[in-house]
Amino acid sequence: MRKLSMEELGRKSAEEFRQADKIPIIVVLENVRSAYNVGSVFRTADAFLLQSIYICGYTAHPPHKEIKKTALGAEETMNWKYFKKINDAIEELKREEYRIFAIEQAVNSHPLQQMDFKNEKLAVIFGNEVTGVEQSTIELTDGCIEIPQLGMKHSLNIATAAGVVLWELVRTRIPITPKRKL
């Protein structure tokens, strides 16, 4: 077994990435305090070819050295927009006809594995590392999606949660390709 080359991986150039059709998912970050977490989300969003990242409140935004350290260049290729108030971001998403979900443990939240959004335009909101998505924000959404957690801990780092949620939302949109020989 050997690692795949960049050509075999089909890695896009920065310009090819910018021009590519994106998966219509927008990540919304609300008051995320760690710029390292923000950079990790940029990198994940780039890996999954997502539409955009909306950065809200006191969440750090590029240019920022800690974002750059974990984003590894994704902060330069990903489309992103800053909103001082999350309400403005949500209003824009509603105008653009996105369904909006907070990623949060809440009454009547939907288990992630039961969601089916194959071709819908989606926005998913990730909140602060300690307090999560604000209740006032949750009230503006179409609902909450919850990552099932089976152990003693019932919380994940925001960058980890973003990876889990975004993969689950993207994997059903990826065309099936022939399996590689093992």
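Refer to the structure above for everything that follows.
Parameters at a glance
Residues numbered from 1 in each chain as written. Predicted model: local features only at pLDDT ≥ 70, side-chain atom pairs only at ≥ 80, totals over all residues. Heavy atoms only, no water. Buried < 20%, exposed > 50% of the residue type's maximum accessible area, 1.4 Å probe, protein only. Helix = DSSP H or I, 4+ residues; strand = E, 2+ residues; numbered from the N terminus. Arc of directions from axis to C-beta. Contact = heavy atoms within 4.5 Å. Pairing = 2+ DSSP bridges. Axes fitted to C-alpha atoms, helices over the stretch in contact; angles between N-to-C directions.

**With respect to helix 6 (residues 86-95)**
If you check which residues of helix 6 are buried, you get I86, A89, I90, E92 and L93. The buried residues of helix 6 occupy an angular sector of 160 degrees when projected down its axis, which confines them to one face. At its buried positions, helix 6 is contacted by strand 1 (23-30), strand 2 (50-56), strand 3 (80-83), strand 4 (99-103), strand 6 (122-126) and helix 7 (135-138). E97 sits one or two positions beyond helix 6 and adopts a positive phi of about 65 degrees.

**Regarding the sheet that holds strand 2**
The seven strands lie next to each other as 3-2-1-6-4-7-5, forming an open sheet whose pairing is parallel. Edge strands, defined here as strands with exactly one partner in the open sheet, are strand 3 and strand 5 (110-111). This element, helix 3 (residues 35-47), spans strand 1, strand 2 and strand 3 of the sheet and lies at about 165 degrees to strand 2. Strands strand 1, strand 2, strand 3, strand 4 and strand 6 of the sheet are contacted by helix 6, whose axis makes an angle of about 150 degrees with strand 2.

**A few points about the pairing of strand 4**
In terms of burial, strand 4 is a largely internal element, four of the five residues being buried. Inspection of the sheet shows strand 4 paired to strand 6 by four bridges, in the parallel sense. In the strand pairing of strand 6, R99 is matched with L122. Two elements, strand 4 and strand 7 (residues 144-146), share two bridges in a ladder whose sense is parallel. Bridge pairing in strand 7 places I103 opposite I145.

**So, the environment of E134**
The topology assignment puts E134 in the loop between strand 6 and helix 7. E134 sits in the partly exposed class, given a relative accessible area of 35%.

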